[in-house]
Amino acid sequence: MMENMILGITSATTILNSILVIATFINKVKRPVDNVIDNKFQSALKPINNKLDIIEERIDKLDIHQCRSYLVDYLADKEAGIEKNDIQTKRAYEIYDHYCELGGNSFIHDKWEKLMK
């Protein structure tokens with residue numbers, strides 16, 4: 001009875017070790033294949049990524065120009081004494097913060113500091 005139990009445990013250990021060796025082998029073989037596939041995808045997607053980078057640049061430029069236009073109009077109205085309601089003022093602050101995050105220029109900043117502070 002004890003011999004059967006020891007034989008069973010030894011067999012189970014042998015099977016588990018075999019599975020571990022097979023899994024390790026598969027992982028070692030799989031890594032280079034994964035790298036090759038990743039490299040092929042990267043090279044295939046490179047033209048698309050380049051186009052997306054160009055589009056992103058254009059969107060960023062458009063974004064900063066839209067912010068600048070809004071802020072110039074808002075500040076000109078403010079300077080001319082045209083009243084703005086709370087919502088317009090809150091929106092102007094949001095746009096100004098976003099404009100600063102985009103790296104907006106100093107003439108808007110100077111005008112903002114003069115009229116809004």
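Please read these numbers as outputs of a predicted model, since none were measured by experiment. (Residues numbered from 1 in each chain as written. Predicted model: local features only at pLDDT ≥ 70, side-chain atom pairs only at ≥ 80, totals over all residues. Heavy atoms only, no water.)

K.L.:
So what's going on with the overall build of the protein? Residues and values would help.
P.N.:
Summing up its helical and strand segments, the protein has three helices and zero strands in all. When the helices and strands of the protein are read in sequence order from the N terminus, they spell out α-α-α. Compactness check: the protein gives a C-alpha radius of gyration of 32 Å against a globular reference of 13 Å for 117 residues, more than 25% above the reference. The 117 residues of the protein split such that 12% are buried. Once the 16 positive and 18 negative side-chain charges of the protein are each reduced to a mean point, those two points are 6 Å apart. (Helix = DSSP H or I, 4+ residues; strand = E, 2+ residues; numbered from the N terminus. Rg over C-alpha atoms; globule rule 2.2 N^0.38 Å. Buried < 20%, exposed > 50% of the residue type's maximum accessible area, 1.4 Å probe, protein only. Lys, Arg positive; Asp, Glu negative; His and termini not counted. Charge placed at Lys NZ, Arg CZ, Asp CG, Glu CD.)

K.L.:
Talk me through the packing of aromatic side chains; I want residue IDs and the actual numbers.
P.N.:
For any two aromatic rings, the description comes down to two numbers: the centre-to-centre distance and the angle of the planes. Enumeration according to the criterion identifies three aromatic pairs in this entry. Here Tyr-96 and Trp-112 contribute two aromatic rings whose centre-to-centre distance is 4.3 Å and whose plane-to-plane angle is 5 degrees, an arrangement assigned as stacked. Highlighted residues: Tyr-96 in helix α2 (residues 86–101) and Trp-112 in helix α3 (residues 106–116), separated in sequence by 16 residues. Of the two residues, Tyr-96 and Trp-112, neither departs from the other in class, the shared state being buried. Counting every residue linked through ring pairs, the aromatic cluster contains Tyr-93, Tyr-96 and Trp-112. (Phe/Tyr/Trp six-rings, centres within 6.5 Å; stacked < 30°, edge-to-face > 60°.)

K.L.:
Break down the packing of α2 against α3 for me, with residues and values.
P.N.:
The contact between α2 and α3 brings their axes to 12 Å, and the two run at 150 degrees. Of the two elements, α2 crosses α3, and the hand of that crossing is left-handed. On α3, the residues that touch Thr-89, Ala-92, Tyr-93, Tyr-96 and Tyr-99 of α2 are Ile-108, His-109, Trp-112, Glu-113 and Met-116. Residue classes in the contact of α2 with α3 are distributed as seven nonpolar, two polar and one charged. (Axes fitted to C-alpha atoms, helices over the stretch in contact; angles between N-to-C directions. Left-handed = near helix turned anticlockwise from the far one by under 90°. Contact = heavy atoms within 4.5 Å. Nonpolar A, V, L, I, M, F, W, Y, C, P; charged D, E, K, R; others polar.)

K.L.:
A description of the pattern of salt bridges should follow, citing residues and the corresponding values.
P.N.:
Where charged atoms from two side chains of opposite charge approach closely, those side chains can pair. Scanning all chains against the criterion turns up four salt bridges. Among the ionic pairs, Arg-91 bridges to Glu-94, the shortest N-O distance being 3.1 Å. In this pair, Arg-91 and Glu-94 are both assigned in helix α2, three residues apart and thus about one turn of the helix distant. For Arg-91, a relative accessible area of 43% translates into the label partly exposed. Since its relative accessible area comes to 47%, Glu-94 is described here as partly exposed. Here the salt bridges share partners, and the residues they tie into one network are Glu-79, Lys-111 and Lys-114. (Salt bridge = Lys/Arg side-chain N within 4 Å of Asp/Glu carboxyl O.)

K.L.:
Can you lay out the nonpolar core for me, pointing to particular residues and giving the numbers?
P.N.:
In this structure, Ile-64, Cys-67, Leu-71, Tyr-74, Leu-75, Ala-92, Ile-95, Tyr-96, Tyr-99, Ile-108, Trp-112 and Met-116 together form the largest nonpolar core, which totals 12 residues. The set of elements that each furnish at least two residues to this core consists of α1 (2–79), α2 and α3. Here this core takes five residues from α1, the largest share from any one element. (Core = buried A, V, L, I, M, F, W, Y, C linked by side-chain atoms within 4.5 Å.)

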